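# Tertiary structure, described
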Amino acid sequence: MSTTDTPVAPATLRTATGREATRWVAAHAREVPWLTTATALTTVAGAAFQVLPVLLLGRVVDGVIEGEPQSILITIGALMVAAALLGAAATAASTYLIGRLGADLLARLREGAVRAVLGMPSARIEQVGRGDVLSRVGDDVAVLSKGIRTAVPTVFSAGVLVVIATGGMFGLDWRLGLAGAGALPAYALALRWYLPRSAPLYQKQREAQADRAQALISGLNGIDTVRAYRLEEAFREKVAAESWRVRDLGVEVFRFFGRFVGRENRAEFIGLVLIIVVGYVLLEADAVTLGEASAAPLLFHRLFNPLGSIMFTFDEAQKSGASLTRLVGVLGEATEERLVGRAAVASADVEPYPVTVEGLTFGYPDSERPVLREVSLEIPAGGSLALVRRARARRPWRR
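Residues numbered from 1 in each chain as written. Predicted model: local features only at pLDDT ≥ 70, side-chain atom pairs only at ≥ 80, totals over all residues. Heavy atoms only, no water.

Counting its regular elements, the protein chain contains 12 helices and two strands. From first element to last, N terminus to C terminus, the protein chain shows the α and β order α-α-α-α-α-α-α-α-α-α-α-α-β-β. Burial statistics for the protein chain: of 399 residues in total, 35% are counted as buried. Long-range contacts, defined as pairs at least 24 residues apart, comprise 82% of the intrachain contacts of the protein chain with a sequence gap of at least 6. (Helix = DSSP H or I, 4+ residues; strand = E, 2+ residues; numbered from the N terminus. Buried < 20%, exposed > 50% of the residue type's maximum accessible area, 1.4 Å probe, protein only. Contact = heavy atoms within 4.5 Å.)

As structure tokens, this is what we get:
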């Protein structure tokens, strides 16, 4: 059998694709249908109640112009207050449910990742480096936990609000809706420019942090060797180089995100100008009322806050997404290890055979004398053997 036929394990732990991570999250959401449904309903209700006061404000403008009775205006004002209160309550419930759903997801993901790592062969851990392992079950879990508490509720709620507000503009007049939708190409171009470039950049940042952790751990674990060979300066230079690499990537991410925000602001300007111009033309042609022409820019302006929230938390959301793919990849590592092992056994040209050892002498580097002397044994075909070192009790020091 040639060596190229033998499956080779990768030098780092597996990282899942975005599609695999999405499927894992969707599968978890399906396991708690009542919580998922309640989260979706409260989020939609909160967004609808936030848009309703703006639509009612347009109705107030038309009522004043048409000289409607004061009682109708008072009723509309009461409805606006009630909508604002209900919207606040629904948004609070949505935020709580999203956090609860995310916390449950994070707990399962963290436990599964730790269980997968503990079930890996020690040789695999040594191959990938403990820095990569610790960064996944430590740093990646912390990043994802922060994202679930902050970015995920904001992005999800704001995204639903954007959809509801856009539908409200089309409800006023389809031409006003199209004017507001005229900003969508600018938003789409900004996202098309940002998303393909941001995911690899955030992935590089997470990998650099793992390399820095590995450099620190390897140096500290071998500190006696470092001192014995006077490698302190080389150790400091390596850690400093990895730290500067993390710092440079952080600056690059910040600059890149700033360019994305500039493109989003340009899209907002385009949409607002289109709505004001189209609203004025329709108003002059008596195609819409003054209240409708006034409500449309307010609805589009109402999108500024959720869109701004999405933009300013998108950085955290991208980091969370990168951490999610790394953690989901760890969950699949054990399965991949089993597949590699099965493939190696299936492709073997010979049957398992017994192994005979004669006259084996072995000692640890830190032991004064060999712990095994002239050992002879036979391992049966298909069997395995483990040699476990028993900790030696230290004798109390006496003067």
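Here we come to the pattern of salt bridges. Counted according to the given criterion, the structure contains seven salt bridges. In this structure, Glu233 engages Arg236 in a salt bridge whose closest nitrogen and oxygen atoms are separated by 2.7 Å. One end of the pair is Glu233 and the other is Arg236, both in helix α10 (residues 232-284) and three residues apart, which spans about a single turn. Arg236 gets classed as partly exposed once you look at its relative accessible area, which sits at 48%. Ionic contacts of the salt-bridge type, sharing partners, join the residues Asp211, Glu242 and Arg245 into one network. (Salt bridge = Lys/Arg side-chain N within 4 Å of Asp/Glu carboxyl O.)

A few words now on helix α5 (residues 130-149). Between its first and last C-alpha, α5 extends 28 Å over 20 residues, near the 28 Å set by a 1.5 Å rise per residue. Considering bend angle alone, the principal kink of α5 is centred on Arg136 and spans about 35°. Among the residues making up α5, those that are buried are Gly131, Asp132, Val133, Ser135, Arg136, Asp140, Val141, Val143, Leu144, Ser145, Gly147 and Ile148. (Expected span 1.5 Å × (residues − 1). Bend = angle between axes of the 7 residues up to and from the residue.)

This structure, assessed with the given rule, holds five aromatic pairs. A ring pair is formed by Trp193 and Phe256, whose centres lie 4.7 Å apart and whose planes are at 25°; its orientation type is stacked. Placement of Trp193 in helix α8 (residues 184-221) and of Phe256 in helix α10 is noted, with a sequence separation of 63 residues between them. Residue class for Phe256 comes out buried when judged on its relative accessible area of 11%. Both rings, one in Tyr194 and one in Phe260, keep their centres 4.2 Å apart while their planes meet at 20°; by these two values the pair is stacked. Here the residue Tyr194 occupies a position in helix α8, and Phe260 occupies one in helix α10, the gap between them amounting to 66 residues. Both residues of the pair, Tyr194 and Phe260, count as buried. Positioned above the aromatic ring of Trp193 is the side chain of Arg263, whose terminal nitrogen or guanidinium carbon lies 4.1 Å from the ring centre. (Phe/Tyr/Trp six-rings, centres within 6.5 Å; stacked < 30°, edge-to-face > 60°. Lys NZ or Arg CZ within 6 Å of the ring centre and 35° of its normal.)

To continue, consider unusual backbone geometry. In the Ramachandran plot, Asp286 falls in the positive-phi region, its phi being about 55° despite a non-glycine side chain. Tracing the backbone through its elements, the reader meets Asp286 in the loop between α10 and α11 (290-302). At Glu374, a residue that is not glycine, the phi angle is positive and equals roughly 50°. Along the chain, the position of Glu374 falls in strand β2 (residues 372-379).

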